[in-house]
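# Structure assessment
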Amino acid sequence: MSKTIEDNGWTAVPRSLEKLLANRKNPKSKATPLQVSDLPLPSSPIVDSIMKHAKDHLPEQTFSHSMRVFYFGQAIAMQHFPEWRYSPETYLLASLLHDIGTTEDNMKNTQLSFEFQGGIQALNLLTQNGAPQSAAESVCETIIRHQDVGETGNISTLTAAIHFATLLDNAGANPELVHRERKESQDTSDDLIKRKETLTYLAITNLYMLDQLVAYRFVEESTGDTVLKGQATSDIMSVVSNEETVCRFQHLLQDDPSLGNPPNQHISHSR
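Residues numbered from 1 in each chain as written. Predicted model: local features only at pLDDT ≥ 70, side-chain atom pairs only at ≥ 80, totals over all residues. Heavy atoms only, no water.

## A few points about the packing of aromatic side chains
Taken as a whole and judged by the stated rule, the model has 5 aromatic pairs. Here the aromatic rings of phenylalanine 81 and tryptophan 84 are separated by 4.3 Å at their centres, their planes lie at 10°, and the arrangement is stacked. A relative accessible area of 2% places phenylalanine 81 in the buried class. A relative accessible area of 11% means that tryptophan 84 is categorised as buried. (Phe/Tyr/Trp six-rings, centres within 6.5 Å; stacked < 30°, edge-to-face > 60°. Buried < 20%, exposed > 50% of the residue type's maximum accessible area, 1.4 Å probe, protein only.)

## Topic: the confidence of the model for the chain
Atom-level detail of predicted coordinates should not be read off regions where pLDDT is low. Across the chain, pLDDT averages 76, with 66% of residues at or above 70. Counted against residues more than four places away or in other chains, residues 185-218, with its pLDDT under 50, gives 87 contacts. Under a pLDDT of 50 for its full length, residues 223-271 has, in the predicted model, 86 contacts with residues more than four places off or in other chains. (pLDDT = per-residue confidence, 0-100. Contact = heavy atoms within 4.5 Å.)

## Considerations on the side chain of arginine 24
Along the polypeptide, arginine 24 turns up in the loop between helix H2 (17-22) and helix H3 (45-57). Notably, arginine 24 is buried but unbridged: the nearest opposite-charge side chain belongs to glutamate 176, and the N-O separation is 6.0 Å. Within the local environment of arginine 24, its side chain forms a polar contact with the backbone oxygen of proline 27, the two atoms lying 3.1 Å apart. Of note is the side chain of arginine 24, whose polar atom sits 3.0 Å from the side chain of histidine 80. When neighbours within four sequence positions are excluded, arginine 24 is seen to be in contact with Ser29, His80, Phe81 and Leu177. (Helix = DSSP H or I, 4+ residues; strand = E, 2+ residues; numbered from the N terminus. Lys, Arg positive; Asp, Glu negative; His and termini not counted. Salt bridge = Lys/Arg side-chain N within 4 Å of Asp/Glu carboxyl O. Polar contact = N/O pair within 3.5 Å; in protein donor to acceptor, adjacent residues only side chain to side chain.)

## Re the nonpolar core
Among the nonpolar cores identified, the biggest contains 48 residues, and Trp84, Tyr91, Leu126 and Phe164 are the most heavily contacted of them. Sorting the residues of this core by element identifies H2, H3, helix H4 (60-80), helix H5 (88-97), helix H7 (114-128), helix H8 (133-144) and helix H9 (157-171) as the ones contributing at least two each. Per element, the largest residue contribution to this core is 9 residues, and it comes from H4. (Core = buried A, V, L, I, M, F, W, Y, C linked by side-chain atoms within 4.5 Å.)

## Observations concerning the pattern of salt bridges
In total, this model carries 5 salt bridges according to the counting rule given. A salt bridge links arginine 15 to aspartate 148; the shortest N-O distance between them is 3.0 Å. With arginine 15 in the loop between strand E1 (12-14) and H2 and aspartate 148 in the loop between H8 and strand E2 (154-156), the pair connects residues that are 133 residues apart, well separated along the chain. Here arginine 15 falls in the buried class, since its relative accessible area comes to 14%. You can call aspartate 148 partly exposed: its relative accessible area is 26%.

## Here we look at unusual backbone geometry
A positive phi is found at asparagine 174, a non-glycine position, where the angle reads about 50°. The topology assignment puts asparagine 174 in the loop between H9 and helix H10 (191-203).

## Quick look at the environment of lysine 30
Within the secondary structure, lysine 30 is located in the loop between H2 and H3. Put simply, lysine 30 and histidine 179 are 149 residues apart on the chain and 8.4 Å apart in space, counted from C-alpha to C-alpha.

## Observations regarding the packing of H5 against H8
At a closest axis distance of 9 Å, the pairing of H5 and H8 adopts a crossing angle of 40°. One finds that H5 runs oblique with respect to H8. Regarding H5 and H8, the two cross each other, and that crossing is right-handed. Residues Thr90, Leu93, Ala94 and Leu97 of H5 pack against Ala135, Ser138, Val139, Thr142 and Ile143 of H8. Class assignment for the residues of the contact of H5 with H8 results in 6 nonpolar, 3 polar and no charged. (Axes fitted to C-alpha atoms, helices over the stretch in contact; angles between N-to-C directions. Parallel < 35°, antiparallel > 145°, perpendicular 65-115°, else oblique. Left-handed = near helix turned anticlockwise from the far one by under 90°. Nonpolar A, V, L, I, M, F, W, Y, C, P; charged D, E, K, R; others polar.)

## Examining H3
Its 13 residues give H3 an end-to-end C-alpha distance of 18 Å, which sits within 8% of 18 Å, the value for a rise of 1.5 Å per residue. Of the residues making up H3, those classed as buried are Ile46, Val47, Ile50, Met51, His53 and Ala54. Angular distribution of buried residues about the axis of H3 spans 160°; they occupy a single face of the element. Facing away from the buried surface of H3 by more than 90 degrees, the exposed residues are Pro45 and Lys52. (Expected span 1.5 Å × (residues − 1). Arc of directions from axis to C-beta.)

## Considering H5
The element H5 is extensively covered by neighbouring structure, given that 8 of its 10 residues are classed as buried. Looking only at H5, the buried set comprises Thr90, Tyr91, Leu92, Leu93, Ala94, Ser95, Leu96 and Leu97. Contact partners of the buried residues in H5: helix H1 (3-7), H3, H4, H7, H8 and H9. Between a side-chain oxygen at the N-terminus of H5 and the backbone nitrogen of glutamate 89 the separation is 3.1 Å; the capping residue is serine 87.

Following this line, the structure appears as structure tokens:
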């Protein structure tokens with residue numbers, strides 16, 4: 001197999017995620033806690049340009065989803081499919097652009113499905129920014145097929161990674177593939193991060209949302225964005241299950257404004 005095919009995620013694998021899980025080299029592989037440093041965010045002129053494009057054009061919630069898709073996919077591939085050798089940069093580009101076709105301008109300017117519109121736009125954008133043809137086309141195909149889930153035929157490893165990640169983030173599928181905790185860093189000097197983690201574990205009772213917040217923390221520490229603000233805070237408050245936890249969480253938020261603003265109301269969900 002050529003290095004270009006492997007690096008850009010073109011290796012063919014079964015389209016069925018169930019088959020992929022059953023036939024992995026270690027069918028009993030378990031997710032373990034990861035540090036942020038285990039999943040480094042790629043950096044290059046192309047990544048910087050596409051990151052800016054995604055931030056400028058995607059709604060905040062969609063951009064956050066795209067970043068979670070990157071981290072979930074990387075964690076799943078690393079711990080359950082270590083033989084997949086695609087470039088993290090190519091996967092990041094696919095993650096950042098996989099929903100670019102859903103923006104208001106894109107939706108109203110075409111009759112194409114958003115996956116096709118997004119794939120074509122990504123291909124042009126990456127080519128204009130100097131991406132190798134193989135990488136640009138791999139991202140394009142992954143975006144076009146990122147909702148093409150099924151039991152027959154094959155897909156690329158890049159598409160398989162994004163299937164696992166988007167289904168986990170959007171539907172809570174296969175949550176056992178990502179550990180709910182983040183491994184403690186050896187650097188214990190950052191009290192603010194530790195305090196945010198404590199808040200997270202105090203407030204969250206829904207396991208899937210806890211998985212999401214693992215990725216929120218990865219996003220924050222890698223990009224400098226604040227994790228417990230806006231939608232993240234609303235997400236936390238929407239799944240807490242008892243008034244005592246809500247009161248404790250709101251008190252801590254008020255005590256430290258950098259952690260975000262408490263919402264005016266919350267929706268309590270039972271387990």
